[in-house]
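The chain contents come next:
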Amino acid sequence: MFRPEKKLGPAPNFLQSLKAIILASWLNLLLVCIPVSWALNFAIPSTNKNKDTIVFVFSFLAIIPLAKLMGFATEELSLRVGQTLAGLLNATLIIALVKCQLRIVQASLVGSVLSNLLLVLGMCFFAGGVKYSEQGFGVSSTQLNSSLLTISVIAVLLPAAFHFSADAQLSNDDEAQDILAVSHGVSTSTVPSFIYAGYLWFQLVSHTDLYQDSGKHVIESTSYGQPNKLLARLRRKKDVEFQETKQPATRSSTMTGSTMSGPTTHGGVPSGVQNGSLTTHVEETSAEEEEEEEELPQMSVWMTIVLLVIVTVLVAITAEWLVDSIDGLTESGKISKEFVGIILLPIVGNAAEHVTAVTVSVKDKLTLSLGVAVGSSIQIALFVIPFIVILAWILGKPLTLLFDPFESIAMFLSVLTVNYVVQDGKSNWLEGFILMALYLILAVTFWFYPGNSKNLPRLYLSVTALLGSDPSGVLKTCT
């Protein structure tokens, strides 16, 4: 579990590690936005009506390279402890929770699932489909992940069903307490924890082979211009087997241990090839493959840990300014908190996972890409959401599992679409294009979604109060 999956080369020195950090990505150019966002937060007076918008934009841009560096550091760390153990909790959610931005927290949780399932997975399928005609991946592990996602969506939809069933029988105060009690009961129960723990044990211990990018469970990818690759391989295999059956008869008509005189061939395979030479060739090929599997780390262990600590601190401080500027950004009514939480924050928060998943998909490691995209969604649904609710309970914040019904339905339809896309164990660029298009449709819809904006007509406010994520007003009691 905590062993590297491949043999590691020698660790680089301090200067080489520092050079690897600087040249990790062109996104490092945006690191200049970190001091700029901090300076603007203190320099611009509070009376300036555009302060929050400016600070939000620069803080948003500053978190992007920080997320990439965090992904780079966790990827280096995963070389030594296994690639499936990488990942950190987004600091933006914790800060938003402390500052009573509960709608932002709820929307960001749902938006992270939508972003991973549609945008990240769609980009992986599309990027890999540009290089390969069809890419294969592990069907068993993917179908298992789809089942876990379905269970997670059911858990999210049940509080909404509770609200609509009991709304006519309970007052707002009674319903608020009941929904809060249901949320605490579901989160503190051992059911989500046991499901997630079982998933981790299945993935990291008992069935690790199902999550590898090679093996009998993975359908072979097909490159462009090689439609008959499998047929050619089968034909060569038959020729070799036919030649091996002919060799005993050939030896009986010649001297023992001698090689056939004459360069005659059958099916493109020399008839004088001996079993010993075939064995030697196989051994040489295996040795070459073992040498190719050795990975060279780009940073030392201590440099990786130091980078993680520094980036985490910078993300926490920058996220502080980002969350503080959300209210001023959304007061004008031109952009809603729902759009900020559902679309903007998940994109910048999951930037590292986006880049990692797309990069490995181009290298024909689609099973790993699915593990990053779908696995992150499972982690959010089965672990992060209950953890955030429990943390809010400890901090005295009335965060519930009653998500906005529109957001919950969007997540359910996204999970349903992904289940249909991955059920055949193969992908192409069109399937990725479909997933990205669906995410774009949802983004446009959430841009116009009124949510709980104060700048709406009274009719819209009454409808959103009835159908929103806070029909009983429990979220507004946060202090």
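The coordinates are above.
If you're wondering where the values come from, they're calculated on a predicted model, not measured in any experiment.

We now examine the overall build of the protein. Helix and strand content of the protein: 18 helices and five strands. Burial analysis of the protein (479 residues in total) assigns 44% to the buried set. Of the contacts made within the protein by residues no fewer than 6 positions apart, 83% connect residues no fewer than 24 positions apart. On the protein, roughly 24,700 Å² of surface is accessible, and the fraction owed to carbon and sulfur atoms is 65%.

Quick look at the pattern of salt bridges now. Under the defined criterion, the tally for this structure stands at six salt bridges. For the salt bridge of Glu 320 with Lys 99, the shortest nitrogen-to-oxygen distance reads 3.0 Å. One end of the pair, Glu 320, is in helix 11 (residues 301-324); the other, Lys 99, is in the loop between helix 4 (91-98) and helix 5 (102-131), with 221 residues separating them in the sequence. For Glu 320, a relative accessible area of 27% gives the class partly exposed. The class of Lys 99 is partly exposed, set by a relative accessible area of 33%. The shortest N-O distance in the salt bridge between Lys 426 and Glu 134 comes to 3.8 Å. Residue Lys 426 is located in strand 5 (residues 426-427), and its partner Glu 134 is located in strand 1 (residues 132-136); the two are separated by 292 residues in the primary sequence. The class of Lys 426 is partly exposed, set by a relative accessible area of 30%. Judged by relative accessible area, Glu 134 falls into the partly exposed class, the value being 29%.

Let's shift gears to the packing of aromatic side chains. Summed over all chains, the structure comprises eleven aromatic pairs. Between Phe 339 and Trp 447, the aromatic rings sit 5.0 Å apart at their centres with planes inclined by 85 degrees, giving edge-to-face as the arrangement. Remark: Trp 447 occurs in helix 17 (residues 429-448) and Phe 339 occurs in helix 13 (residues 337-349); sequence separation between them is 108 residues. Classification of Phe 339 as buried rests on a relative accessible area of 11%.

So, about the environment of His 184. As for its placement among the helices and strands, His 184 is situated in helix 7 (residues 172-188). On a C-alpha basis, the gap between His 184 and Ile 390 in space is 6.8 Å, while along the polypeptide they are 206 residues apart. Apart from residues no more than four positions distant in its own chain, His 184 is found in contact with Val 389, Trp 393 and Leu 399.

This part is about the pairing of strand 1. Note that strand 1 and strand 2 (residues 222-223) share two bridges and pair antiparallel. From the neighbouring strand, Glu 134 faces strand 2, where its bridge partner is Thr 222. In terms of strand pairing, strand 1 meets strand 5 through two bridges, oriented antiparallel. What sits directly across from Gln 135, in strand 5, is Ser 427.

By the secondary structure assignment, Thr 92 is in helix 4. Residues Thr 92 and Ile 104 lie twelve residues apart in sequence; the distance between their C-alpha atoms is 9.7 Å. Beyond its immediate chain neighbours, meaning those up to four positions away, Thr 92 contacts Ala 319, Leu 322, Val 323 and Leu 345.

Turning next to a nonpolar patch on the surface. Taken together, the side chains of Phe 126, Val 130, Tyr 224, Trp 429, Leu 430, Phe 433 and Ile 434 define a hydrophobic patch exposed on the protein surface, amounting to about 680 Å² of accessible area. Contributions of two or more residues to the nonpolar patch are made by helix 5 and helix 17. By residue number, the principal contributor to the nonpolar patch is helix 17, which donates four residues. Among the structural elements, Trp 429 can be located in helix 17. Taking the relative accessible area as the measure of exposure, Trp 429 reaches 40% and is therefore partly exposed.

Spatial ordering of the open sheet is given by 2-1-5, a layout of three strands whose pairing is antiparallel. Each edge of the open sheet is held by one strand with a lone partner, namely strand 2 and strand 5. Along the sheet face, helix 5 touches strand 1 and strand 5 and points at about 130 degrees away from the line of strand 1.

What follows concerns helix 2 (residues 33-43). The set of residues buried in helix 2 consists of Cys 33, Ile 34, Ser 37 and Asn 41. Summarising the axial view, the buried residues of helix 2 lie within an arc of 110 degrees, below the 170-degree limit, and thus occupy one face. Seen from the open side of helix 2, the exposed residues pointing more than 90 degrees away from its buried face are Phe 42 and Ala 43.

Procedures and definitions
- Residues numbered from 1 in each chain as written.
- Predicted model: local features only at pLDDT ≥ 70, side-chain atom pairs only at ≥ 80, totals over all residues.
- Heavy atoms only, no water.
- Helix = DSSP H or I, 4+ residues; strand = E, 2+ residues; numbered from the N terminus.
- Buried < 20%, exposed > 50% of the residue type's maximum accessible area, 1.4 Å probe, protein only.
- Contact = heavy atoms within 4.5 Å.
- Areas by Shrake-Rupley, 256 points an atom, 1.4 Å probe, with all protein chains shown as cover.
- Salt bridge = Lys/Arg side-chain N within 4 Å of Asp/Glu carboxyl O.
- Phe/Tyr/Trp six-rings, centres within 6.5 Å; stacked < 30°, edge-to-face > 60°.
- Pairing = 2+ DSSP bridges.
- Patch = residues over 30% accessible without salt bridge, like charges linked within 9 Å, V, L, I, M, F, W, Y side chains within 5 Å.
- Axes fitted to C-alpha atoms, helices over the stretch in contact; angles between N-to-C directions.
- Arc of directions from axis to C-beta.

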